Amino acid sequence: MGRNHVVVALVGLALALGCGGKKGGAGGKPKVAVSIFPIYDLTRRIAGDRVEVILVLPPGKSEHGYDPTPKEIARLSGSKLAIAVGLDMDTWVENIMRTAGGAKVIHVGDAVKTVPIDVEPIGEEEAGHEHGEHHDDHDKQAGSAAGSAAAKPDAHDDHDDHDKKSGSGSAAGSGSAAPAKHDDHDDHDDHDDHAKPGSGSAAGSGSAVGSGSTAPARHDDHDEHGKVGAPDPHVWMDPERMLGVVDLLAAELTAMDPAGKELYAKNADTLKASLREVDGKIATRSKAWTKRTIVTFHGSMAYFAKRYNVRIAAVVEPIAGKEPTAAYIAEVIGAIKISKATALFSEPQLDRGPGEMIAKEAGIPLGELDPIGGVAGRDTYEALLVWNTDQLEKVLK
């Protein structure tokens, strides 16, 4: 509650300074505020020059628990639409927009199929127990949400026939240039995600606040299988899932500005072609990797790992902002040694110190993966994905 009161006070200050009287952006263009860079980049490329698209989260800041300054709040005044990931990750956007004038808020996380956060992301193999490959029935009973670090690189292939029969549950669905076995991972979420590492997030329960969303929330089905953990909000790390988000963004921009419908549709088609292309290139590269197992500090990479068949043996901080106990860190170090993980990865938005300590203790290198981007070398969504691929390839090739 304290943070919400601070946000309200800051918004009130910004409006009192005369920043809230004008509706729309520069030159009379409608103004759209987008929470994080990956979604911002997709939005601005669909919008073209018809819309003023504003990035809310400054580059270098963490997506979890962002506290905006009065100046940052003032920039958002007059926005007609606010685009958030949702899933209880970037509620700071909703707090700002709700107070600053009632802009419509949509959640792109409601347009894709999600996987649950694993709140205990060390699998049985990493804990020293042997139980074979990804057996669905066993995993459901065990409640495991971590991909076996001991699994073979092609451990998912035995599910192909089953997966091809199931729908992806995503608005993205078709057209991915990635090999079929990668598509199968999406279709098989309700089964394989028990054997996958979850992504650390401050998310609580799966929120479906996005009143403007044109797609239903896709995370409720996980509860039927007895999984624990709220939906992982880092859905943008899978370009196939983002195909559906592109359609949602185009539809929302059209609803706001019907005269731009043709441009938005054309730009969306171009963007989806680019996403399919980068997806296919990363899939091809990842198939050549001879190693598969890593450890991450924060849990933002589960969707990327799932898409490109990378095993995450453990996550140091499963819940963002919640420091792991000494006992848990000891478990992580043990998991690194048992799984023979090739590297531990921190993030540029996080303090490197704890990761350096754990990597040194475990005797593995410390790398860096970036879930947000928006900086030089990661200044488009596709460039961000390729940069992360480059970092992984250094240790997995």
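Residues numbered from 1 in each chain as written. Predicted model: local features only at pLDDT ≥ 70, side-chain atom pairs only at ≥ 80, totals over all residues. Heavy atoms only, no water.

1. Thoughts on the overall build of the protein
Move 1: Helix and strand counts for the protein come out as 14 helices and 8 strands.
Move 2: Burial analysis of the protein (397 residues in total) assigns 58% to the buried set.
Move 3: Of the contacts made within the protein by residues no fewer than 6 positions apart, 74% connect residues no fewer than 24 positions apart.
Move 4: Summing over all exposed atoms, the protein offers an accessible surface of approximately 15200 Å²; the carbon and sulfur share of this is 53%. (Helix = DSSP H or I, 4+ residues; strand = E, 2+ residues; numbered from the N terminus. Buried < 20%, exposed > 50% of the residue type's maximum accessible area, 1.4 Å probe, protein only. Contact = heavy atoms within 4.5 Å. Areas by Shrake-Rupley, 256 points an atom, 1.4 Å probe, with all protein chains shown as cover.)

2. Things to note about the sheet that holds strand β7 (residues 344–346)
Move 1: Pairing in this open sheet of 4 strands is parallel, and the strands run β6-β5-β7-β8 from one edge to the other. Only two strands of the sheet have a single neighbouring strand rather than two, namely β6 (311–317) and β8 (366–368). Sheet twist, expressed as the mean angle between neighbouring strand axes with direction ignored, is 30°.
Move 2: Judged from the 2 bridges that link them, strand β5 (residues 293–298) and β7 form a sheet pairing that is parallel. The partner of V295 across the bridge, within β7, is L344.
Move 3: Most of the contacts of helix α12 (residues 326–339) go to β6, to which it runs at about 160°, and overall it touches β5 and β6. (Pairing = 2+ DSSP bridges. Axes fitted to C-alpha atoms, helices over the stretch in contact; angles between N-to-C directions.)

3. Here's the deal with the pattern of salt bridges
Move 1: Tallied over the entire structure, the rule returns 15 salt bridges.
Move 2: Close ionic contact of R50 with D257 constitutes a salt bridge, the shortest N to O distance being 2.7 Å. Linking R50 in the loop between α2 (37–47) and β2 (52–55) with D257 in the loop between α9 (239–256) and α10 (261–287), this pair joins segments that are 207 residues apart in sequence.
Move 3: With relative accessibility at 30%, the residue R50 sits in the partly exposed group.
Move 4: Using a relative accessible area of 11% as the deciding quantity, one classes D257 as buried.
Move 5: The salt bridge partner of R307 is D238, with a shortest N-O separation of 3.6 Å. Remark: D238 occurs in the loop between α8 (189–192) and α9 and R307 occurs in helix α11 (residues 302–307); sequence separation between them is 69 residues. Assigned by exposure class, R307 and D238 land together as buried.
Move 6: One network of salt bridges, with partners in common, ties together D41, R44, R45 and E382. (Salt bridge = Lys/Arg side-chain N within 4 Å of Asp/Glu carboxyl O.)

4. Comments concerning the sheet that holds strand β1 (residues 31–34)
Move 1: Across the sheet, which stays open at both edges, the 4 strands sit in the order β2-β1-β3-β4 with parallel pairing between neighbours. Across the chains shown, the open sheet's two edge strands, defined by having one partner strand only, are β2 and β4 (104–107). Neighbour-to-neighbour, the strand axes of this sheet turn through a mean angle of 20°, independent of strand direction.
Move 2: Pairing geometry for strand β3 (residues 81–84) and β4, over 4 bridges, is parallel. Looking at the pairing, L81 lines up with K104 of β4.
Move 3: Lying on the sheet, α2 is in contact with β1, β2 and β3; it crosses β2 at an angle near 175°.

5. Regarding the environment of V316
Move 1: Topologically, V316 is positioned in strand β6.
Move 2: When its relative accessible area of 0% is taken as the criterion, V316 is described as buried.
Move 3: Along the primary structure V316 and L344 are separated by 28 residues, whereas in three dimensions their C-alpha atoms are 9.3 Å apart.
Move 4: Excluding residues within four positions of it along the chain, V316 makes contact with V295, T296, F297, P324, Y328, V332, L344 and I358.

6. Some thoughts on the nonpolar core
The nonpolar side chains of a soluble globular protein tend to be buried with one another.
Move 1: Counting 75 residues, the largest nonpolar core has I36, I39, I83, W236 and M242 as its most contacted members.
Move 2: Looking at this core element by element, the count peaks at 9 residues for α9.
Move 3: When residues no more than four places from it in sequence are discounted, the contact partners of I39 are V34, I83, V85, V108, W236, M242 and L249.
Move 4: With 19 residues, the next largest nonpolar core counts I329, A341, A362 and L366 among its residues. (Core = buried A, V, L, I, M, F, W, Y, C linked by side-chain atoms within 4.5 Å.)

7. A short note on the packing of α9 against α10
Move 1: Contact geometry for α9 and α10: axes closest at 9 Å, N-to-C directions at 170°. On the basis of their axis angle, the class for α9 and α10 is roughly antiparallel. Touching P239, E240, M242, L243, V246, D247, A250, L253 and T254 of α9 are K261, Y264, A268, L271, K272, L275, R276 and D279, all from α10.
Move 2: Classifying every residue of the contact of α9 with α10 gives 10 nonpolar, 1 polar and 6 charged. (Parallel < 35°, antiparallel > 145°, perpendicular 65-115°, else oblique. Nonpolar A, V, L, I, M, F, W, Y, C, P; charged D, E, K, R; others polar.)

8. A few points about the pairing of β6
Move 1: In terms of residue burial, β6 counts as a mostly covered element, since 7 of its 7 residues are buried.
Move 2: As paired elements, β5 and β6 share 5 bridges and run parallel to each other. Looking at β6, one finds that V295 is bridged to A314.
Move 3: A crossover connection joins β5 to the parallel β6 through α11; in handedness this β-α-β unit is right-handed. (Right-handed = clockwise from strand over helix to strand, strands pointing away.)

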